[in-house]
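# Architecture at a glance
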Amino acid sequence: MRALSLLCIIVGLWHSSLSNRNCPDLIVDSCHCSAERSKELSRQHVRVKVVCDDVDLMDTLQPRFLPNRTVSLNLSNNKISLLRNGSFYGLAALEKLDLKNNLISTVEPGAFRGLVALRRLDLSDNRIGCLSPEMFLDLGNLSKLNLSGNIFSALTIGLFTHLVALRVLHFSTETLFCDCQLKWLLLWARGNSVKIGNNTVCVFPTHLHGLEFRNLREQQLRCDGPLEIPLFQLIPSQRQLVFQGDRLPLQCTASYLDPSVELRWRHNGQIVTTQEDWGIYLEETLLHDCCLLSSEVILSNIDVGIAGIWECVVTSSRGNTSRQMEIVVLETSAPYCPTDRVTNNKGDFRWPKTVAGILAFLPCAPATFGSAPHPSGSSPHHSSQREKKAWRRCDRAGRWAEEDYTQCPYASELTRVLHELTQITINTTNARPLGQQLVAFTSRAAHFTDVMDIIFVTHLVERLTRLVEQRRELGDYISDIASNMMRVEEHILWMAQNEARACTRIVQCVERIADLALTRDNQVISKVSANLALEAFLIRPSNFFGLSCMVLQLPPSTATSLLPDSPSHIDKDLSRDRDAVGESFLNFKCHTVNSSGSPASQLSRLSQPSQPNHVAGR
């Protein structure tokens, strides 16, 4: 047994020594190196793996800093943007290179020069648009290549000439155009037994959208269909109101599908050229990353002659298309509404200088949910992708007039959640957790600052009250909510009452609970909360002459001894509320007129009908 233990220790030390010898300290501390021997026990078959995943590398590691026996190098999830010629030269044993999810936009010819043993190369999820056969020099043993998630739309003929051993290829992109320019690739893959990944699907043209490239027929890859452009945008895209003397740049960008694609500008139907006297400067069209064309017109020192329709036109062998926008030039003396800042319960809005008679729009501030629980129990999902906006009208006299913020979410997270709760259907299944949630929300009622908080709570309390007959326990939640709402500042309660009779409606809900709770078997109800006391009882109308009620607000020390006898469940409520109040305790008793005892002691057990009486005090 000792011999076996000794052998294990020796083997462990041997592996540690092997790793130390073949994995020297790397220049990047966050990188990890491991070494192991291949099944053939010889010094020439030590296999070293280096992992530098997600360590914020801006450039590839220089080969001289890596063990020359490295067979696997992982540089994924970094910020590498350029692969230079010979970036990995000297790593002749490298078999696997992982460069996915970087910022690579340029791969120089010979970037992988010297990697004669490389079998797997992952360049997915980068920004590569330009690809050439010279990129893949010396990769004669490469068997698997992943180019998916880059920005190219097509691949040039003969791109993989040097990859004679390639067997698996992935090249799915968000703008992949399956037309006649990829027919060569389909034939080449089939002729060389190269498997195209099943995740490589067509995006354009529309009639081939979603189809796997490897299953297409040669006849489907045609270029005689209508012109479709993956990306075509004009900035700005909407009407621009400018003053004389202003400066305005116009930029047009379109996908570069083939060499026949060109960009041109028109102003009121006329071809645009540089005219310095008019302050019009047409910049040279640029090709970005072999896949995007951009053109810019700069309008400087704008005059009335600039007004009208400006149009960017894409011309190609497959057809033409255009996008346009309008420019309105105003004299500096034109009336306008001044810049203005409006802060309300929907956020902070900074309205720009706006010409008289125009409707101005501002995007709503995005709603961010933090600590407050969402009513659905999960993070909110925005089903509509349309941007929500607020608008404000500048009248013809240059004064701000009507405005509308209804599309925007509430700025307060609590108000947003309460509003969303009012939008859900309340039933006997979700009423109880909703009641508990409302009790928790309203426990912070002293910090409510928006009238809508009180109004939303009122709506919810009314809807819960309608279900009290089916779920009796909701009565306690409603009483607690009503008690909590008494902590809201008086001026806010007054505004809520003035706008929506919110306070009256909440009291009516509490009274309704008492009506539903009083029965022949339960003829007395006495409930004392932190800020609300309720006593209700049944009494025969013929014996009723009037009512006398007394409210006492006592310190906690004396309140305990003065609590009336009550059922155990009421004692628990009183004890809980007493703990919650801390500073004071509300005691509330009512007596019938001309009677020395409380109505509870005077109740008759006669069988004739009785009428409910209830009094609530704050």
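Look up: the structure comes first, before these words.
The sections below set out a description of the structure shown in this document. For clarity, every value in this text was computed on a predicted model and none was experimentally measured.

From N to C terminus, the protein includes 11 helices and 32 strands. Looking at the protein as a whole, 43% of its 618 residues are labelled buried. For the protein, restricting intrachain contacts to residue pairs at least 6 apart in sequence, the fraction spanning at least 24 positions comes to 64%. Carbon and sulfur atoms form 50% of the exposed surface of the protein, whose accessible area is close to 33,000 Å².

Across all of its chains, the model carries 18 salt bridges by this definition. For Lys 79, the salt bridge is made with Asp 56, and the minimal N-O distance between the two is 3.8 Å. On the criterion of sequence distance, the pair formed by Lys 79 in the loop between strand E3 (70–74) and strand E4 (82–83) and Asp 56 in the loop between strand E2 (46–51) and E3 is long-range, its members being 23 residues apart. Assessed through its relative accessible area of 49%, Asp 56 is described here as partly exposed. Here Glu 212 and Arg 214 are joined by a salt bridge, their closest N and O atoms 3.1 Å apart. Judged by relative accessible area, which is 26%, Glu 212 ranks as partly exposed. Using a relative accessible area of 29% as the deciding quantity, one classes Arg 214 as partly exposed. Overlapping salt bridges bring together Asp 179, Asp 258 and Arg 318 as one network.

Right, let's get into the nonpolar core. Core analysis: the biggest nonpolar cluster contains 86 residues, and Phe 112, Phe 160 and Phe 171 have the highest contact counts within it. Among the elements that line this core, the one with the most residues is helix H2 (residues 183–191), at five residues. Leave out the neighbours within four places in its chain, and Phe 171 touches Leu 147, Ser 148, Phe 152, Leu 155, Leu 176, Leu 182, Leu 185, Ile 196, Thr 200 and Phe 213. Ranked by size, the runner-up nonpolar core spans 47 residues in total, among them Ile 481, Ala 482, Leu 534 and Ala 536.

Right, let's talk about the packing of helix H3 (residues 413–423) against helix H5 (residues 451–465) for a bit. Relative to each other, H3 and H5 sit at 30°, their axes nearing to 9 Å. Viewed along their axes, H3 and H5 adopt a mutual orientation that is roughly parallel. Crossing of H3 against H5: the hand is left-handed. On H5, the residues that touch Leu 414, Thr 415, Leu 418, His 419, Leu 421 and Thr 422 of H3 are Met 452, Asp 453, Phe 456, Val 457, His 459, Leu 460 and Arg 463. Residues belonging to the contact of H3 with H5 are distributed by class as follows: seven nonpolar, four polar and two charged.

Attention now goes to the side chain of Thr 200. Along the polypeptide, Thr 200 turns up in the loop between strand E10 (195–196) and strand E11 (232–235). In this structure the side chain of Thr 200 is engaged in a polar contact, spanning 3.2 Å, whose partner is the backbone nitrogen of Phe 171. In this view, Thr 200 contacts Leu 169, His 170, Phe 171, Ser 172, Leu 176, Leu 211, Glu 212 and Phe 213; residues no more than four positions away in its chain are not counted.

With that out of the way, let us pick up the sheet that holds strand E8 (residues 144–146). Reading across from one edge, E1-E2-E3-E5-E7-E8-E9-E10 is the order of the eight strands in this open sheet, with mixed pairing throughout. Looking at the sheet topology across the chains shown, the edges are occupied by strand E1 (32–37) and E10. Note: E3 against strand E5 (residues 96–98), three bridges, orientation parallel. When the bridges of E5 are listed, Ser 72 appears paired with Lys 96.

This next bit is on the packing of helix H4 (residues 431–442) against helix H6 (residues 474–485). At a minimum axis distance of 9 Å, the contact between H4 and H6 shows a crossing angle of 20°. Here H6 runs roughly parallel to H4, going by the angle between their axes. The way H4 lies across H6 gives a crossing that is left-handed. On the side of H4, the interface is formed by Ala 431, Arg 432, Gly 435, Gln 436, Leu 438, Val 439 and Thr 442, while H6 contributes Leu 474, Tyr 477, Asp 480, Ile 481, Asn 484 and Met 485. In terms of residue class, the contact of H4 with H6 is built from seven nonpolar, four polar and two charged.

The next subject is the sheet that holds strand E15 (residues 270–271). Taken in spatial order, the five strands line up as E12-E20-E19-E14-E15 in an open sheet, and their pairing is mixed. Two strands bound the open sheet, and with one partner strand each, they are strand E12 (240–243) and E15. Pairing geometry for strand E14 (residues 262–267) and E15, over two bridges, is antiparallel. Residue pairing in the sheet places His 267 in a bridge with Gln 270 of E15.

Let us look at the state of the cysteines. As enumerated under the stated definition, the model contains seven disulfides in all. One disulfide in the model links Cys 364 with Cys 408; its S-S distance is 2.0 Å. As the torsion about the S-S bond is roughly -75°, the Cys 364-Cys 408 disulfide counts as left-handed. Pair noted here: Cys 364 is in the loop between strand E25 (359–363) and strand E26 (389–394) and Cys 408 is in the loop between strand E27 (400–404) and H3, with a separation of 44 residues, a long-range link. No disulfide involves Cys 291; its nearest neighbouring cysteine sulfur is the one of Cys 130, lying 6.9 Å away. Residue classification places Cys 291 among the buried residues on the basis of a relative accessible area of 6%.

Our next topic: the packing of aromatic side chains. For the structure shown, the criterion picks out 13 aromatic pairs. The interplanar angle of 55° and the centroid separation of 4.8 Å between the aromatic rings of Phe 349 and Tyr 405 together place this pair among those described as tilted. Taken together, the positions of Phe 349 in strand E23 (residues 347–351) and Tyr 405 in the loop between E27 and H3 put the pair 56 residues apart, joining distant regions of the chain. When its relative accessible area of 9% is taken as the criterion, Tyr 405 is described as buried. Ring geometry for Tyr 410 against Phe 456: centres 5.6 Å apart, planes inclined by 80°, an arrangement best described as edge-to-face.

A separate point is the environment of Thr 200. Judged by relative accessible area, Thr 200 falls into the buried class, the value being 0%. Counting along the chain gives 28 residues from Thr 200 to Ser 172, while the straight-line C-alpha distance between them is 4.2 Å.

Rules and cut-offs
- Residues numbered from 1 in each chain as written.
- Predicted model: local features only at pLDDT ≥ 70, side-chain atom pairs only at ≥ 80, totals over all residues.
- Heavy atoms only, no water.
- Helix = DSSP H or I, 4+ residues; strand = E, 2+ residues; numbered from the N terminus.
- Buried < 20%, exposed > 50% of the residue type's maximum accessible area, 1.4 Å probe, protein only.
- Contact = heavy atoms within 4.5 Å.
- Areas by Shrake-Rupley, 256 points an atom, 1.4 Å probe, with all protein chains shown as cover.
- Salt bridge = Lys/Arg side-chain N within 4 Å of Asp/Glu carboxyl O.
- Core = buried A, V, L, I, M, F, W, Y, C linked by side-chain atoms within 4.5 Å.
- Axes fitted to C-alpha atoms, helices over the stretch in contact; angles between N-to-C directions.
- Parallel < 35°, antiparallel > 145°, perpendicular 65-115°, else oblique.
- Left-handed = near helix turned anticlockwise from the far one by under 90°.
- Nonpolar A, V, L, I, M, F, W, Y, C, P; charged D, E, K, R; others polar.
- Polar contact = N/O pair within 3.5 Å; in protein donor to acceptor, adjacent residues only side chain to side chain.
- Pairing = 2+ DSSP bridges.
- Disulfide = S-S within 2.5 Å.
- Phe/Tyr/Trp six-rings, centres within 6.5 Å; stacked < 30°, edge-to-face > 60°.

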